[in-house]
Amino acid sequence: MTDTIESRGAHGPDARLWRRGGGHWQCSFLDDDGRRVVVNTHARELRVARKVLAAHVGEAAAESARLEEGARESRQGRASKRKRRNGDGSLYRRSEGGPWYASWYDESGRRHERNLRTTDYTAASRVVQKLVADAALRRDGVIDPNADRLASSGRVPVLDHVRDYVKHCKNVGHDAKAVSQKERHLELFVKSVGATRYANLTIERLAGHMRALLSDGKSARTANFARQIIVAFGSWMVKTGRADTNQFRSVQTLDERKDRRRRRRALTPEELARLLDVARSRGREAWYLAAALAGLRRGDLMRLRWADVDFDNATIVIRTGKAKREDFLPLHPQLAEALKDLREANRALPATKVFPVAVTSRTVLFDFHRAGLAKWESIEGREDADGNPIQRLTTRDAAGTFVDLHALRTTLGTMLARSGVAPQVTKQIMRHADSRTTDKHYVALRLTDAADALLALPKIALSATSVLATGTDDASAVVANHESETRNTSRNSRAESGTTAHMGAQDQPKQGGRRSRSNPPNSAALRTSAHNVARKRETGLEPATFSLGS
């Protein structure tokens, strides 16, 4: 027995329900393609079966509506594409119902694509028309492309430029610590001057920012370091076409010599020997020798691998150092022996680090204290809960200079200078681009070095006349020459006195007057006058100017 019920109103004329006997109700309807579909409702109650049929009919109707909308927009897009001429740009979608994309050519002929972020065709069409029109104006010279690019960059928030610069520094492989310092100083500069756009960062504001750092207790070196970062940021803005000039270069640097907060000194041979004794007993001798005899920085020590040490050729290769290049250094025999002992004690592969565990700054400070190079001092104005002054370990001496791990580079530069090594060779060992950097920061000579240099000069030999003047009985020839000169002087004096006696009173010089140009003084008088002038010059007094005639 079959019961059939047709749904004539609620579900459309093509939807129906039926069943055979007391079984489940079956339903049939037309899908979105117009095909008839038969579905088992799995329901024996008519009320439930009608709900199932209504759900299927609703889904088919919704799908048919979506397809119709998509077809309509597709027809509209094809019609618009047919209406567009060459050079007017194009609009397209990458997914059905997604946002419109614009494609056009700029003034240089390069093709660009942009997501317009809209599903409205009319709005997308207006945007692509504006992009094409702007490109035409730049191509025709109505709009200066460079000025337009700078104007667009000027509307971008300055912090966005800072983030792009930090990202650039990371991509080119700058040190993570250096990148962090750049980001911190740039954000501090932008925040302190209250800038929102790059145009707000002026020369006056950079100079004011440096003065503010000094007012906050920072050193001149810190202010110059901040200026250096900001100047590098300005150069990157010019290089990437975001700014036309780097105005920050004209800001003058501060004189760091008048405000040096931390001055390093070189260790004496005795101090270095004590430090190596302490390090040898704790297995850290190679660490300090590499810093003192090869000038390795802390980062170089941490990156050094056994493959970089060539014992056969006695060289060390420094890779990806501070200058981002490969430097070859000679291997000192004492350092080579310490590294061999370290390798024998800890067998490792060539790719393994020489120092797998870096010596911390705190450990270095305590090693200096064990060597007698550091002492405990009270912190002014700091007390604990019991009222006792809080102390800290410091290597500062009475002259205000410090020693640390980096001071071993200063020790190396000073030892090379004392040994008479040429500045060009010292610069190469210290891995500096300019020898002035080596002389200014890594050569710490003292007054004793100057005294030793003077003592090394040869003794100046005295002349024979000076020997006679000092009472030395040496050469008889000198005495004979002196007696002959005395006799000639006496003869000339008598001749001059006779000539003066036959002169008239009117021809004789007046008392206190000038001598006649035709009668010069005798040689003995000239020698006496020169001797007196020489004695006056020895006392540091400048004699009066005189002449032999008017």
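Please refer to the structure higher up on the page.
A quick note: this is a predicted structure, and the numbers were derived from the prediction, not measured.

A. Representation of the pattern of salt bridges within the structure. Overall, the coordinates contain 28 salt bridges when judged by the stated rule. Of the charged contacts, one joins Arg35 and Asp31 as a salt bridge, the two residues approaching to 3.5 Å between their closest N and O atoms. Across the pair Arg319 and Glu326 runs a salt bridge whose closest N-O atoms are separated by 3.0 Å. Judged by relative accessible area, Arg319 falls into the partly exposed class, the value being 35%. Glu326 gets classed as partly exposed once you look at its relative accessible area, which sits at 48%. In the salt-bridge network here, residues are joined through shared partners; they are Arg297, Asp300, Arg303 and Arg431.

B. Molecular detail of the side chain of Thr426. With respect to the element layout, Thr426 can be found in helix H14 (residues 423-430). Since its relative accessible area comes to 5%, Thr426 is described here as buried. In contact with Thr426, other than residues within four places in its own chain, are Leu416, Val421 and Thr438.

C. Layout of the sheet that holds strand E7 (residues 111-115). Spatial ordering of the open sheet is given by E5-E6-E7, a layout of 3 strands whose pairing is antiparallel. Each edge of the open sheet is held by one strand with a lone partner, namely strand E5 (90-93) and E7. Between one strand axis and the next, the sheet turns through 25° on average, direction left out of account. Where E5 and strand E6 (residues 100-105) come together, 4 bridges link them in antiparallel fashion. Bridge pairing in E6 places Arg93 opposite Trp100. This element, helix H2 (residues 121-139), spans E5, E6 and E7 of the sheet and lies at about 15° to E6.

D. Representation of the environment of Ser103. Structurally, Ser103 is set in strand E6. Under the relative-accessibility criterion, Ser103 is labelled buried at 5%. Taking the C-alpha atoms as reference, Ser103 lies 9.3 Å from Val132; in sequence the two are 29 residues apart. Those residues in contact with Ser103 that sit more than four places away from it in its chain are Gly89, Ser90, Tyr92, Arg111, His112, Glu113 and Val128. A polar contact is formed between the side chain of Ser103 and the side chain of Arg111, at a distance of 2.8 Å.

E. View of helix H13 (residues 407-418). Given a rise of 1.5 Å per residue, 12 residues ought to cover 16 Å, and the 16 Å separating the end C-alpha atoms of H13 matches this to within 8%. Counting buried residues in H13 gives 9 out of 12 residues, a clear majority hidden from the surface. Of all the residues in H13, the buried ones are Ala407, Leu408, Arg409, Thr410, Thr411, Leu412, Gly413, Thr414 and Leu416. The secondary structure elements touched by the buried residues of H13 are strand E8 (263-264), helix H8 (269-281), helix H9 (285-293), H14 and helix H15 (435-441). Phi turns positive one or two residues past the end of H13, at Gly420, with a value near 80°.

F. Summary view of the pairing of strand E10 (residues 315-318). In this structure, strand E9 (residues 309-310) lies alongside E10, joined through 2 bridges in antiparallel fashion. Opposite Val309, over in E10, you have Ile316 as the bridge partner. As consecutive antiparallel partners, E9 and E10 are separated by 4 residues, and within that stretch Ala314 has a phi angle of approximately 55°, a positive value. Pairing analysis gives 4 bridges linking E10 to strand E11 (residues 327-330), with the strands arranged antiparallel.

G. The arrangement of the packing of aromatic side chains in detail. All chains considered together, the criterion is met by 9 aromatic pairs. Pairing Tyr198 with Phe233 gives two aromatic rings, centres 6.0 Å apart and planes at 70°, and the pair type is edge-to-face. In this pair, Tyr198 is assigned in the loop between helix H5 (176-193) and helix H6 (203-215) and Phe233 in helix H7 (residues 220-239), connecting sequence segments 35 residues apart. Of the two residues, Tyr198 and Phe233, neither departs from the other in class, the shared state being buried. Note on Phe366 and Trp376: the rings are 6.5 Å apart at their centroids and 65° apart in plane angle, and the pair reads as edge-to-face. Here Phe366 is found in helix H12 (residues 361-370), whereas its partner Trp376 is found in strand E12 (residues 375-383), with 10 residues between them in sequence. Exposure remark for Phe366: the relative accessible area of 24% places this residue in the partly exposed category.

H. Here's a closer look at the side chain of Arg265. Checked against the element boundaries, Arg265 lands in the loop between E8 and H8. Classification of Arg265 as buried rests on a relative accessible area of 11%. A polar contact is formed between the side chain of Arg265 and the side chain of Glu271, at a distance of 3.0 Å. Setting aside its immediate chain neighbours within four residues, Arg265 contacts Glu271, Leu373, Asp397, Thr401, Phe402, Val403, Ala407, Thr410 and Arg446.

I. Highlighting the sheet that holds E10. The strand order across the open sheet formed by 3 strands is E9-E10-E11, and the pairing between neighbours is antiparallel. The sheet is open, and its two edges are formed by E9 and E11, each paired on a single side.

Conventions used here
Residues numbered from 1 in each chain as written. Predicted model: local features only at pLDDT ≥ 70, side-chain atom pairs only at ≥ 80, totals over all residues. Heavy atoms only, no water. Salt bridge = Lys/Arg side-chain N within 4 Å of Asp/Glu carboxyl O. Buried < 20%, exposed > 50% of the residue type's maximum accessible area, 1.4 Å probe, protein only. Helix = DSSP H or I, 4+ residues; strand = E, 2+ residues; numbered from the N terminus. Contact = heavy atoms within 4.5 Å. Pairing = 2+ DSSP bridges. Axes fitted to C-alpha atoms, helices over the stretch in contact; angles between N-to-C directions. Polar contact = N/O pair within 3.5 Å; in protein donor to acceptor, adjacent residues only side chain to side chain. Expected span 1.5 Å × (residues − 1). Phe/Tyr/Trp six-rings, centres within 6.5 Å; stacked < 30°, edge-to-face > 60°.

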